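# A closer look at the structure
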Amino acid sequence: MKIDLKSKQPRRRIFSGIQPTGNLHIGNYLGAIKNWTKLQEEDDCIYSIVDLHAMTVPSNVLEIKHSTLEVTAAVIASGIDQKKSILFNQSSVPQHSELAWIFNCISKIGWLNRMTQFKEKAGKKRDNATVGLFSYPVLMAADILLYRATHVPVGEDQKQHLELTRDIAQTFNTMFHNQIDKKFFSLPEPIILGPAKRIMSLRDGMKKMSKSDISDASRINLMDEKDVISSKVKKAKTDPYPIPDNINDLEGRHEAINLINIYASFSNKNVEDILIEFSGKGFSYLKNNLSDLIINEISPLTREMRHLMNNKDEIIKILIDGSNKAQEIADVVLKDIKKIIGLNF
Ligand code: TRP
């Protein structure tokens, strides 16, 4: 006899997560948060500050509380509205860890060995990386499938993890096909939005913009003052050639492409139109415009972040409310999963 389940497969449900690792920069903002606010207008969205993910790197742990509040403040300041979206910190919904364990038991070491992000992060000292860092994509799969999400906005660097999520969902569906009528998990699709797929360092167009880059000039932090933003944009590396009128002529000009992508993201225009607008001009001209665009968008956000960081209780209240709502969904789905496996009677 097939099992009777309580959870419903939603029509279109978005799940995404951002790690609380302090010093947020415009790469995090354009690559994730800005898209989140757009999606909440149409879809059923669940967003998580993934503190358990941040813990996979031990040096993050000491600052985790502060970083969680700061990243939540940034997300709220960017326009995530608790009436439209669910916003919570991952560790407050214990079902994530429980489902991650279940998924650990159906995932193959070979799958995880192929993850390029692990290879890059662990580097040559593989034995020194934490077990958490190794199995991190399994926790990410649990995050997504715990809400039976159908769509996941992610950056390019997370696409492989989403593939793994699909493999885990598929394995589960196949393994337990005798217990349920339909496939329990739909295979979640990536949503990769806008020109900001990968925002690169302002000092090196081949390196991702990163909070751990030793040069602060390589990134624009969300907490940077206006004059700091202008000066970083002014100093951003470019090349001596003018802006061309088509994308093909940008080939190999990594710093130029990066500045144009950043411009496109902040102006909400596409790259083609920007090239037509600026073609023949030098980068100093574009940079002046770009500084203004960034400052106009970021300054109100920075102000609101500062306000929230001075009123931490407001942030905490939002997280608690969000956690309660997330847990309501997670509890039903996890109970169904345990029933399907035979862990719950
Ligand atoms: N791994 C993602 C990152 O580092 C963060 C993340 C965790 C995530 N769980 C997720 C993103 C689930 C999307 C869906 O950027």
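Per-chain numbering applies: the sequence of each chain, read as written, is numbered from 1 onward. Confidence filtering applies because this is a predicted model: local features only for residues at pLDDT of at least 70, side-chain atom pairs given and counted only at 80 or more, and all residues used for totals across whole chains, interfaces and linings. Side-chain metrics in this entry use all non-hydrogen atoms of the structure; hydrogen atoms and water are not considered.

Further remarks concern the domain arrangement of the chain. Buried accessible area, meaning the area lost when the parts come together, often serves as the stated size of an interface. Looking at the assigned domains, one finds that the chain contains domain 1 (13-197 + 311-341) and domain 2 (216-307). Here a residue-residue contact requires only that any non-hydrogen atoms of the pair lie within 4.5 Å. Contacts between the two partners involve 17 residues from domain 1 and, on the opposite side, 18 residues from domain 2. A quick way to say it: buried area is the sum, across both parts, of accessible area lost when two parts are put together, with a 1.4 Å probe. Carbon and sulfur atoms supply 65% of the area that domain 1 and domain 2 bury against each other, a total of about 1600 Å² over both sides. Salt bridges are defined as contacts in which a side-chain nitrogen from Lys or Arg sits within 4 Å of a carboxyl oxygen from Asp or Glu. Applying the counting criterion to the domain 1 and domain 2 interface returns one salt bridge. A salt bridge links glutamate 297 to lysine 34, with the shortest nitrogen-to-oxygen separation between them at 3.1 Å. Going along the chain from the N terminus, every DSSP run of H or I of four or more residues is numbered as a helix, and every run of E of two or more is numbered as a strand. Of all the elements in the fold, those that place two or more residues in the side of domain 1 that touches domain 2 are helix 1 (26-39) and helix 4 (64-77). Here the side of domain 1 that touches domain 2 takes five residues from helix 1, the largest share from any one element. Domain borders in the structure are assigned automatically or taken from a domain database.

Right, let's get into the packing of aromatic side chains. Side-chain rings of Phe, Tyr and Trp (the six-membered ring for Trp) are treated as a pair once their centres are within 6.5 Å; stacked means planes under 30 degrees apart, edge-to-face means over 60, and tilted covers the remaining angles. Inspection of the entire model under this criterion finds twelve aromatic pairs. Ring geometry for tyrosine 29 against phenylalanine 266: centres 6.2 Å apart, planes inclined by 25°, an arrangement best described as stacked. Taken together, the positions of tyrosine 29 in helix 1 and phenylalanine 266 in helix 11 (residues 254-267) put the pair 237 residues apart, joining distant regions of the chain. Pair check on accessibility: tyrosine 29 and phenylalanine 266 agree, each one buried. Between tryptophan 36 and tyrosine 47, the ring centres sit 4.3 Å apart and the planes meet at 0°, which makes this aromatic pair stacked. Taken together, the residues tryptophan 36 in helix 1 and tyrosine 47 in strand 2 (residues 44-49) connect sequence positions eleven residues apart. Think of it in three bands: with a 1.4 Å probe and only protein chains considered, a residue is buried below 20% of the maximum accessible area for its type, exposed above 50%, and partly exposed in between.

For the purposes of this section, nonpolar cores are sets of buried Ala, Val, Leu, Ile, Met, Phe, Trp, Tyr and Cys residues that join through side-chain atoms within 4.5 Å. Val75, Leu222, Ile262 and Ile294 are the most contacted members of the largest nonpolar core, which totals 57 residues. At ten residues, helix 13 (residues 283-309) tops the list of elements feeding residues into this core. Apart from residues lying up to four places away in sequence, leucine 222 is in contact with Leu24, His25, Ile26, Tyr29, Ala74, Ile298, Leu301, Thr302 and Met305. Among the nonpolar cores identified, the runner-up in size contains 44 residues, and Leu139, Ala142, Val154 and Leu162 belong to it.

Here the focus is the site of the ligand. Among the 13 residues in the neighbourhood of the ligand, the closest are listed as Gln19, Tyr136, Met140, Asp143 and Gln158. Throughout this description, a polar contact denotes any pair of N or O atoms lying within 3.5 Å of each other; where both atoms belong to protein, one of them has to be capable of donating a hydrogen while the other can accept it, and for residues adjacent in sequence the pair is counted only when both atoms sit in side chains. One nitrogen or oxygen atom from the side chain of glutamine 19 is found 3.0 Å from an oxygen atom belonging to the ligand. Alone, the ligand offers 360 Å² of accessible surface; in the complex the protein occludes 88% of this. Among the cavities detected, the one that contains the ligand is the largest pocket. Across the shell around the ligand, the residue classes break down as seven nonpolar, five polar and one charged. For this purpose, a residue is taken to be near a molecule or strand whenever a single non-hydrogen atom of the residue falls within 4 Å of it. Accessible surface is estimated by sampling points in the Shrake-Rupley manner with a 1.4 Å probe; for residues, cover comes only from the protein chains shown. Using a 1 Å grid laid over the protein atoms alone, points where a 1.4 Å probe fits but cannot get out form a cavity; open sets with protein on both sides within 12 Å along at least 5 of 7 lines form a pocket; any residue with an atom within 4 Å of a point counts as lining. Each molecule is assigned to a cavity or pocket provided more than half of its atoms lie within 2 Å of the corresponding grid points. Polar here means any residue outside two lists: the nonpolar Ala, Val, Leu, Ile, Met, Phe, Trp, Tyr, Cys and Pro, and the charged Asp, Glu, Lys and Arg; Gly therefore counts as polar.

Approximately 1400 Å³ is the volume found for the largest pocket. Around the largest pocket, the lining comprises 47 residues; the ones closest to its centre are Gln117, Lys121, Asp157, Gln158 and Lys208. For the lining of the largest pocket, the secondary structure elements donating two or more residues are strand 1 (13-18), helix 1, helix 3 (58-61), helix 7 (116-122), helix 8 (131-145) and strand 4 (151-153). The element contributing the most residues to the lining of the largest pocket is helix 1, with five residues. Class assignment for the residues of the lining of the largest pocket results in 16 nonpolar, 20 polar and eleven charged. Grid points are joined across faces, edges and corners, and a volume is the space filled by probe spheres set on the points. Counted as a void, the second largest pocket has a volume near 300 Å³. Every residue lining the second largest pocket is counted, 14 residues in all, and those nearest its centre are Leu5, Arg148, Lys182, Lys183 and Phe184. For the lining of the second largest pocket, the residue count by class is four nonpolar, three polar and seven charged.

Now for the packing of helix 4 against helix 14 (residues 312-341). Two elements in contact, helix 4 and helix 14, have axes whose closest approach is 10 Å; the angle formed by their N-to-C orientations is 80°. Considering their axes alone, helix 4 and helix 14 lie roughly perpendicular with respect to each other. Residue-level contacts link Thr68, Leu69, Thr72, Ala73 and Ile76 of helix 4 to Lys312, Ile315, Ile316, Ile318 and Leu319 of helix 14. Considered class by class, the residues forming the contact of helix 4 with helix 14 number seven nonpolar, two polar and one charged. Lines fitted to C-alpha atoms define the axes, with helix axes restricted to the stretch in contact, and inter-axis angles between N-to-C directions lie between 0 and 180 degrees. The labels follow the angle: roughly parallel below 35 degrees, roughly antiparallel above 145, roughly perpendicular from 65 to 115, and oblique for the rest.

Before going further, it helps to examine the pairing of strand 2. Counting buried positions along strand 2 gives five out of six residues, so the element sits mostly inside the fold. When DSSP finds at least two bridges between two strands, those strands are taken to pair. Both strand 1 and strand 2 contribute to a ladder of six bridges, which runs parallel. Residue serine 16 lies in a different strand from strand 2, and its bridge partner there is tyrosine 47. As paired strands, strand 2 and strand 3 (residues 85-89) are joined by five bridges and run parallel to one another. Note that in strand 3 the partner of serine 48 across the bridge is phenylalanine 88.

Take the residue count of a helix, subtract one, and multiply by 1.5 Å to get its expected span. The first and last C-alpha atoms of helix 8 sit 21 Å apart over 15 residues, in line with the 21 Å expected at 1.5 Å per residue. Where helix 8 bends most, at proline 137, the angle is about 45°. With respect to burial, helix 8 is a largely interior element, 13 of its 15 residues being buried. Two axes enter the definition of the bend at a residue: one is fitted to the seven residues ending there, the other to the seven starting there, and the bend is the angle between them.

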